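# Geometric and topological summary
Chain by chain, the residues run as shown.
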Amino acid sequence: MIGLFKRKGLGVQDFPGFGGFSFLFYLYLYAPIVVLVVFSFNANQSATVWTGFSLDWYRAAFANQALRQAAGNSLLIAVCASMVATAIATLAALGTSRGAKFKGLQLSMGAIMLPLVLPEIVVGVATLALFSTIGLSLGYGNLIIAHTVFCIPFAYLPIRARLNDMDLSLEQASADLYAGPWRTFRKVTLPLLMPGIFSGLMLAFIVSLDNFVISMMVSQAGTTTLPIFIFGLLRMGVTPDVNAVSTLILGVSVLFVSLSYLLGKKNA
């Protein structure tokens, strides 16, 4: 059957029933999210019984001092971790794409991508064990360090992709006009690379903002992040205010991921 489809130039989407299966898959994947968003506007105190439209739970969420503190912690950590991770990822992308080839290139790229491949719980336990062994207790610093390491591959991928798509002739022309490596980087490479850098920055930011497992492992007293705070609310059951906060996080995530995608496509 597969050979017949290949000979006719057809793809997997042309198999009988593929459309229906895809519809059921996406329905299963996104229906719970749609239900969560809809019930975040529910006027009822029950999270499962619809009685009317209301914004009361959003107002209650913004009035919650503990929630605002957790959101502030998450924003602080995400901003710091994403900026440091993007700077490291940019240097790594330049080293593996523009630098001279070296014997351990593939091994180095594998090490960069390791946090993306390993289960997040493994990264969290390993980070906690390391911090406990060396006695590191920096409060927010522990979370920033852990998030930075985890976010590096997410920032690295769009930056490396941007570098691979760039026209080398522009950098070569700069060198032919007697511009040194640093001047070529500042005037040619960096401006062309900026869409990829911003794309990687926003992707790293949202990954850090949404992170739960690693944050749960290494957070200390007073450094509760928003995902951990929501998890604490869920212990009392799913309530409309939890739906409201989750919808806000979903909206921010979709916005940043969309901007990351659009910037990654800019001038591609």
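Residues numbered from 1 in each chain as written. Predicted model: local features only at pLDDT ≥ 70, side-chain atom pairs only at ≥ 80, totals over all residues. Heavy atoms only, no water.

## Looking at the environment of G110
As for its placement among the helices and strands, G110 is situated in helix α5 (residues 105–117). In the structure, G110 is positioned 43 residues away from P153 in sequence and 10.0 Å away in space, judged by C-alpha atoms. (Helix = DSSP H or I, 4+ residues; strand = E, 2+ residues; numbered from the N terminus.)

## Details of the UniProt feature "transmembrane region" (unreviewed entry) in the chain
Sites flagged by UniProt as "transmembrane region" (unreviewed entry) map to residues 21–41, 75–95, 107–134, 140–159, 188–206, 212–233 and 245–263. The span residues 212–233 is 64% helical and 0% strand by assignment, and the distance between its end C-alpha atoms comes to 14 Å. Overall, residues 245–263 shows 100% helix and 0% strand. The separation of its end C-alpha atoms is 27 Å. (UniProt positions renumbered as here; feature names shortened; annotations may be inferred.)

## Re the environment of A78
Looking at where A78 falls in the secondary structure, it is placed in helix α4 (residues 65–97). Expressed as a C-alpha distance, the spacing of A78 and H147, which sit 69 residues apart in the sequence, is 7.7 Å. Residues within four places of A78 in sequence aside, it is in contact with F205, S208 and L209. (Contact = heavy atoms within 4.5 Å.)

## Considering the side chain of T96
By the secondary structure assignment, T96 is in helix α4. Reaching out from T96, the side chain makes a polar contact with the backbone oxygen of A92 at a distance of 2.9 Å. (Polar contact = N/O pair within 3.5 Å; in protein donor to acceptor, adjacent residues only side chain to side chain.)

## Structural notes on the packing of α4 against helix α9 (residues 181–210)
The contact between α4 and α9 brings their axes to 8 Å, and the two run at 140 degrees. Comparing the axis directions of α4 and α9 gives the class oblique. Taken as a pair, α4 and α9 cross one another with a handedness that is right-handed. Contacts from S74, L75, I77, A78, V79, A81, S82, M83, T86, T90 and L94 in α4 reach F185, T189, L193, I197, G200, L201, A204, F205, S208 and L209 in α9. (Axes fitted to C-alpha atoms, helices over the stretch in contact; angles between N-to-C directions. Parallel < 35°, antiparallel > 145°, perpendicular 65-115°, else oblique. Left-handed = near helix turned anticlockwise from the far one by under 90°.)

## Some remarks on a nonpolar patch on the surface
A contiguous nonpolar surface patch, about 1,100 Å² in accessible area, is contributed by F21, F25, Y26, L29, Y30, I33, V34, V38, W50, F53 and L55. According to the relative accessible area criterion, F21 is exposed, its value standing at 58%. (Patch = residues over 30% accessible without salt bridge, like charges linked within 9 Å, V, L, I, M, F, W, Y side chains within 5 Å. Areas by Shrake-Rupley, 256 points an atom, 1.4 Å probe, with all protein chains shown as cover. Salt bridge = Lys/Arg side-chain N within 4 Å of Asp/Glu carboxyl O. Buried < 20%, exposed > 50% of the residue type's maximum accessible area, 1.4 Å probe, protein only.)

## Concerning the nonpolar core
Y156 and L193 are the most contacted members of the largest nonpolar core, which totals 33 residues. Of all elements in the fold, only α4, α5, α6 (120–134), α7 (140–165), α9 and α10 (213–218) reach the threshold of two or more residues within this core. For Y156, the residues in contact, after removing those within four places along its chain, are A89, A92, A93, T96, M109, I112 and M113. Counting residues in each nonpolar core, the second largest holds 10 residues, with L67, I230, L233 and V242 among its members. (Core = buried A, V, L, I, M, F, W, Y, C linked by side-chain atoms within 4.5 Å.)

## As for the packing of aromatic side chains
Throughout the structure, instances matching the rule amount to six aromatic pairs. Between the aromatic rings of F41 and F53, the centroid separation amounts to 5.4 Å while the plane-to-plane angle is 10 degrees, which identifies the pairing as stacked. Here the residue F41 occupies a position in the loop between α2 (18–39) and α3 (56–63), and F53 occupies one in the loop between α2 and α3, the gap between them amounting to 12 residues. The partly exposed category is assigned to F41, whose relative accessible area is 23%. Given the relative accessible area of 60%, F53 is considered exposed. Grouped by ring-pair contacts, the aromatic residues F25, Y26 and Y30 constitute a single cluster. (Phe/Tyr/Trp six-rings, centres within 6.5 Å; stacked < 30°, edge-to-face > 60°.)

## Here we look at the layout of surface pockets
In this model, the largest pocket occupies a volume close to 270 Å³. Along its surface, the largest pocket is lined by 13 residues, and L67, A71, L226, L248 and I249 are the ones closest to its centre. At the level of elements, α3, α4 and α12 (240–265) are the ones that each hand at least two residues to the lining of the largest pocket. For the lining of the largest pocket, the element with the highest residue contribution is α4, accounting for five residues. Here the lining of the largest pocket is composed, by residue class, of 11 nonpolar, one polar and one charged. When we break the lining of the largest pocket down by domain, the ones giving at least three residues each are domain 1 (32–63 + 238–267) and domain 2 (69–227). Of the pockets and cavities examined, the second largest pocket occupies roughly 210 Å³. Those elements that provide at least two residues to the lining of the second largest pocket are α4, α8 (168–176) and α9. (1 Å grid on protein atoms, 1.4 Å probe; cavity = no way out; pocket = protein on both sides within 12 Å on 5 of 7 lines; lining within 4 Å. Points joined across faces, edges and corners; volume = space filled by probe spheres on them. Nonpolar A, V, L, I, M, F, W, Y, C, P; charged D, E, K, R; others polar. Domains from an automatic or database assignment.)

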